[in-house]
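Structure assessment
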Amino acid sequence: MKIAVYAVKYKGNWTLRLSVDIRVDMTWWMNQDEGQENVVERWVLLGDELPLSWGTKLCETFKELADMERWGKRQWWAYILAQLKSELAPEPFDGERILSGGVENICIWDGGQGRTSRTESRNEGRETNGGLRSIQKRSLVTGIDGLDRECLTRQANELVNLLSGRQLLVLEAEALLAEAAPGLERTWRSAAQLAYLQGRLSFAAGLAPAPRTRWSAARTHELRCNRCGSGLVHRTSCASCGRKACAYCETCLALGRSRECSLLLRGAAKPALPHTAGTAPVTELDRWGLSPAQRAAAEAALRFLAAPHGEVRGRFHPEGRGLRALFRRVMVACQGSDAASSQGSNLARSRHSSPKTGEGVRYSADRQVPSTTVERFLLWAVTGAGKTEMMFPLLQYVLDHGGTALVATPRRDVVLELAPRLAIAFPDVSMVTLYGGSAERWQRGQLTLATTHQLLRYRQAFDLVVIDEIDAFPYHNDPMLAFAARAVCKPKGKFIYLSATPPHALQKEAARGLLPHAKVPVRFHRHPLPVPFRLGTASVQHWLQKGRLPASFIQRLRVSIQRGAQVFLFVTRISHIQGLVELLIKQLPDVPIAGTSSQDEERTAKVRLFRATEIRVLVTTTILERGVTVPRSDVYVLDADSSLFDEASLVQMAGRAGRSKDDPCGGVIFTSPQWTRGQKRAIRQIKRMNALARKKGYLKEVKH
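Residues numbered from 1 in each chain as written. Predicted model: local features only at pLDDT ≥ 70, side-chain atom pairs only at ≥ 80, totals over all residues. Heavy atoms only, no water.

1. Some thoughts on the packing of aromatic side chains
Let me state the cut-off plainly: For Phe, Tyr and Trp, rings pair up if their centres lie within 6.5 Å, where Trp contributes its six-membered ring, and each pair is then called stacked (planes under 30 degrees apart), edge-to-face (over 60) or tilted (otherwise). Secondary structure elements follow DSSP: runs of H or I no shorter than four residues count as helices, runs of E no shorter than two count as strands, and numbering proceeds from the N terminus. For each residue, the accessible area found with a 1.4 Å probe, counting protein chains only, is set against the maximum for its type, and the residue is called buried under 20%, exposed over 50%, and partly exposed in between.
The full count for this structure, using the stated rule, is 19 aromatic pairs. Relative to Phe 553, the ring of Trp 543 has its centre 5.0 Å away and its plane inclined at 35°; by these criteria the two rings are tilted. Pair noted here: Trp 543 is in helix 17 (residues 540-546) and Phe 553 is in helix 18 (residues 551-562), with a separation of 10 residues, a long-range link. On the numbers, 5.9 Å between centres and 90° between planes, the contact of Phe 553 with Tyr 636 is edge-to-face. Of this pair, Phe 553 sits in helix 18 while Tyr 636 sits in strand 24 (residues 633-638), and the two are 83 residues apart along the sequence. Residue classification places Tyr 636 among the buried residues on the basis of a relative accessible area of 2%. Counting every residue linked through ring pairs, the aromatic cluster contains Trp 14, Phe 62, Trp 71, Trp 76 and Tyr 79.

2. Focus on the side chain of Arg 457
Quick reminder of the rule: In what follows, residue pairs with any heavy atoms lying within 4.5 Å of each other are defined as contacts.
Structurally, Arg 457 can be placed in the loop between strand 16 (447-451) and strand 17 (462-468). Classification of Arg 457 by relative accessible area gives buried; the value is 9%. Dropping the residues within four chain positions of it, Arg 457 is found in contact with Arg 166, Gln 167, Leu 168, Glu 172, Leu 255, Arg 441 and Trp 442.

3. Details of the packing of helix 10 (residues 292-306) against helix 13 (residues 387-400)
Two measures define how a pair of helices packs: the angle their axes make with one another and the distance between the axes. Rule in force here: Where helices are involved, their axes are fitted lines through C-alpha atoms of the stretch in contact, as for all axes, and angles between N-to-C directions lie from 0 to 180°. An angle counts as roughly parallel when it lies under 35 degrees, as roughly antiparallel when it exceeds 145, as roughly perpendicular when it falls between 65 and 115, and as oblique in every other case. For any pair of crossing helices, the crossing counts as left-handed if the nearer helix is rotated counterclockwise from the farther one by less than a right angle, and right-handed if it is rotated clockwise. Side-chain classes follow a simple rule in which Ala, Val, Leu, Ile, Met, Phe, Trp, Tyr, Cys and Pro form the nonpolar group, Asp, Glu, Lys and Arg form the charged group, and the remainder, Gly included, forms the polar group.
For the pair helix 10 and helix 13, the least separation of the axes is 9 Å and the interaxial angle reads 25°. Here helix 10 is positioned roughly parallel relative to helix 13, judged by the angle of their axes. The handedness of the crossing between helix 10 and helix 13 is right-handed. Contacts from Gln 294, Ala 297, Ala 298, Ala 301, Leu 302, Leu 305 and Ala 306 of helix 10 reach helix 13 at Glu 389, Met 390, Pro 393, Leu 394, Tyr 397 and Val 398. Among the residues making up the contact of helix 10 with helix 13, the classes are represented as 11 nonpolar, 1 polar and 1 charged.

4. Details of the pairing of strand 13 (residues 375-381)
Quick reminder of the rule: Two strands qualify as a pair provided that DSSP identifies no fewer than 2 bridges between them.
Most of strand 13 sits inside the fold, with 7 of its 7 residues counted as buried. Where burial is concerned, the two faces of strand 13 agree: the one with Glu 375, Phe 377, Leu 379 and Ala 381 and the one with Arg 376, Leu 378 and Trp 380 are both buried. Summarising the sheet, strand 13 and strand 18 (residues 489-499) pair through 6 bridges and their orientation is parallel. Bridged to Leu 379 within strand 18 is Leu 498. Direction of pairing for strand 13 relative to strand 19 (residues 517-520): parallel, over a ladder of 4 bridges.

5. Details of the environment of Gln 198
Tracing the backbone shows Gln 198 in the loop between helix 9 (188-197) and strand 7 (201-205). For the pair Gln 198 and Ala 156, spaced 42 residues apart in sequence, the C-alpha separation works out to 9.7 Å.

6. Topic: the sheet that holds strand 23 (residues 617-620)
The 6 strands are arranged 20-25-24-21-23-22 in an open sheet whose pairing can be described as parallel. Of all the strands in the sheet, the pair left with one neighbour each is strand 20 (533-536) and strand 22 (593-595). Across this sheet, the average inter-strand angle for adjacent strands is 20°, counted without regard to direction. Where strand 21 (residues 566-570) meets strand 24, 5 bridges bridge the pair, whose relative direction is parallel. Its bridge partner lying in strand 24, Phe 568 is registered against Val 635. Here helix 18 sits on the sheet and contacts strand 20, strand 21, strand 23, strand 24 and strand 25 (668-672); the angle it forms with strand 24, its principal contact strand, is near 160°.

7. What to know about a positive patch on the surface
For the record, the criterion: The patches reported here contain residues having more than 30% relative accessible area and no salt bridge. Joining distances are 9 Å for like charges and 5 Å for nonpolar side chains (Val, Leu, Ile, Met, Phe, Trp, Tyr). In these tables, accessible area is a Shrake-Rupley quantity obtained with a 1.4 Å probe, and a residue counts as shielded only by the protein chains included in the view. Salt bridge criterion: a side-chain nitrogen from Lys or Arg within 4 Å of a carboxyl oxygen from Asp or Glu. Lys and Arg are tallied as positive, Asp and Glu as negative. Neither His nor the chain termini are counted. Lysine's charge is taken at NZ, arginine's at CZ, aspartate's at CG and glutamate's at CD.
Together, Lys 508, Lys 519, Arg 677, Lys 680, Arg 684 and Arg 688 make up a region of like positive charge exposed at the surface. Broken down by element, the residue count for the positive patch peaks at 4 residues, all from helix 22 (residues 677-695). Secondary-structure assignment places Arg 677 in helix 22.

8. Describing the pattern of salt bridges
Tallying each qualifying case throughout the model produces 23 salt bridges. Lys 9 serves as the salt-bridge partner of Glu 41, at 3.8 Å between the closest nitrogen and oxygen. Taken as a pair, Glu 41 in the loop between helix 1 (22-30) and strand 3 (42-51) and Lys 9 in strand 1 (residues 2-10) lie far apart in primary sequence, 32 residues in all. A relative accessible area of 35% places Glu 41 in the partly exposed class.

9. Some words on unusual backbone geometry
The phi angle of most residues is negative, glycine excepted, and most peptide bonds adopt the trans form. A positive phi angle, close to 65°, is found at Thr 613, a residue other than glycine. Here Thr 613 shows up in the loop between helix 20 (603-611) and strand 23. Of note in this structure, Asp 639 is not a glycine but carries a positive phi near 55°. One can find Asp 639 in the loop between strand 24 and helix 21 (647-654).

10. Here we look at the environment of Ser 597
When you line up the elements, Ser 597 lands in the loop between strand 22 and helix 20. When its relative accessible area of 6% is taken as the criterion, Ser 597 is described as buried. Counting along the chain gives 20 residues from Ser 597 to Ile 577, while the straight-line C-alpha distance between them is 8.3 Å. In this view, Ser 597 contacts Ile 574, Ile 577, Arg 603, Thr 621 and Ile 623; residues no more than four positions away in its chain are not counted.

11. A word on the nonpolar core
Rule in force here: Residues grouped as a nonpolar core are buried Ala, Val, Leu, Ile, Met, Phe, Trp, Tyr and Cys residues, joined through side-chain atoms within 4.5 Å.
Ranked by size, the top nonpolar core spans 109 residues in total, and within it Leu 305, Leu 395, Phe 426, Leu 447, Ile 496 and Val 637 carry the most contacts. For this core, the element with the most residues is helix 10, which contributes 9 residues. Those residues within four positions of Val 637 in sequence are excluded, and the remaining contacts are Phe 570, Phe 645, Leu 650, Met 653, Ile 669, Phe 670 and Thr 671. In this structure, Val 5, Trp 28, Met 68 and Ile 80 belong to the second largest nonpolar core, which totals 71 residues.

Written out as structure tokens, the structure is:
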């Protein structure tokens with residue numbers, strides 16, 4: 001889109017502003033009503049239809065120069081061309097045409113003399129008194145005197161309330177307004193501009209240059225998406241801004257196209273939940289019926305939540321080479337995102353002050369980078385430990401204190417599973433459930449349950465952010481989702497990670513004392529985790545080529561069937577499933593056997609039959625490594641030496657066994673031709689958790 005850009009001198013200082021409705025700015029600055037305190041010394045309209053990205057570039061790079069108050073149109077025009085030199089270069093032949101009329105379109109209003117500057121064009125050699133009337137005659141704006149200020153103020157208040165904690169593209173904002181405030185979607189520009197001038201709303205371009213930092217080796221003009229932080233962009237001609245090389249982000253296309261010229265509306269964050277030095281109400285834990293291990297972890301997390309900001313370790317400090325590389329990209333994107341929006345949030349914070357150019361922007365950018373102030377806590381609980389139950393008292397603490405909480409998980413099926421449980425646990429709390437295609441997309445609640453992709457529409461909205469399954473696809477190793485998760489927490493909010501298999505970088509931080517954490521090393525039934533047994537065999541591919549299953553494998557499988565267990569058979573490739581099912585049916589003709597994968601349209605039905613024991617052996621991929629609990633289960637991980645199965649995957653698959661209190665000692669078998677590091681580390685992690693549970697006295701004493 002195109003936008004107006006103007007310079008204003010107010011209380012001795014110059015600054016540049018953006019405008020989506022110049023009438024509001026002129027009323028704000030130049031209508032000299034009785035008691036008006038925003039009257040300016042000089043006002044220069046640089047262009048009324050500049051591409052948004054160019055307008056934000058002018059604002060971000062603006063520096064007050066000597067004798068600027070004496071500049072005429074040609075000096076201002078030369079300044080614009082100098083600042084936009086790199087942006088004009090890719091535009092063939094018509095770069096200056098895009099600058100909405102050139103030097104003739106610049107208009108200067110002198111507040112002291114109450115007139116516009118003399119026009120330097122040959123066709124216009126007159127000096128005009130009454131700058132507002134002059135600009136109106138040039139058809140730049142109409143109906144300035146007709147603005148209903150009371151109505152505009154009410155609309156601005158409503159818009160600010162609806163956009164608080166959100167960041168939306170124009171089409172998204174209009175869809176929100178059409179549902180929540182019918183009629184405002186057609187007149188939002190005036191309301192948005194007033195809120196922008198009041199400092200309650202900020203404007204940002206969808207894409208902006210990535211700033212150079214001490215971590216960044218980015219090229220000078222490398223672009224980053226202000227919504228998702230990605231640097232993967234593509235350039236095309238754009239009818240909206242008229243440019244031949246307008247870039248858009250390829251990473252977050254599913255949520256709407258974010259372009260250089262796309263306006264991103266960002267509502268101001270509401271105050272964060274205050275924290276005191278008082279202790280958390282651990283007595284309320286009795287309500288949730290937690291086990292001793294669960295209760296100890298919940299108490300530690302509650303102390304973290306209650307601690308005043310800055311008294312606990314665990315801010316975003318990347319440790320480890322892999323995570324550091326990820327956070328470099330995220331940090332650069334966060335800083336670029338905040339720099340692009342800082343102009344809007346600093347403009348006209350009150351009718352009594354205006355920050356010096358540069359100073360206010362620098363303060364705002366530093367203040368708004370969420371990664372530097374948010375504190376984190378890791379809740380490391382083994383599979384089947386009851387992470388959801390431990391989350392309830394943490395949510396209760398924040399909600400009881402009037403805060404807002406977010407529970408985010410990478411997978412939609414987990415969202416749908418958690419929604420009824422949270423609704424039962426918190427019946428009096430307004431809750432919103434968000435996922436792709438959700439009917440509640442524009443609703444707001446004190447408690448929000450969402451997939452991690454939906455977080456891209458929020459910014460600094462929540463006092464508590466709980467990220468479940470941080471090691472799961474698609475969140476794991478996705479800088480876009482990491483960027484989104486960090487951006488949604490208020491500057492002094494709190495982060496809690498839930499995971500049975502945290503990334504190694506977080507494990508190292510916890511071990512070094514850099515990340516506060518609590519471990520839950522035992523399941524609710526207080527029996528040790530099943531330790532995998534390795535069975536040396538050839539690869540599955542070799543089985544299929546020979547058309548024969550190893551005798552040792554079949555012998556183990558028969559034992560599982562005879563004891564009445566439901567058997568998970570995990571394979572690395574979808575292409576192996578059908579052939580393996582056929583071989584199994586030959587060996588076990590009386591046993592119901594099936595296979596499923598992410599490509600199977602009947603997957604849900606087969607899992608239901610498997611739970612009902614109508615299917616006894618289910619051959620599957622890692623699609624079922626998480627979130628599936630089947631009583632009395634044994635687990636076989638075939639080709640456990642494959643690079644597709646890392647330590648976390650092996651632990652998660654092993655975690656399908658022994659979850660039931662009626663069968664807490666299910667079997668776990670790793671079959672492979674090689675004994676790999678991943679298998680060793682997975683078994684070591686399980687044994688360490690069992691040892692910790694035994695040391696803390698969490699395990700039941702088994703009578704022999």
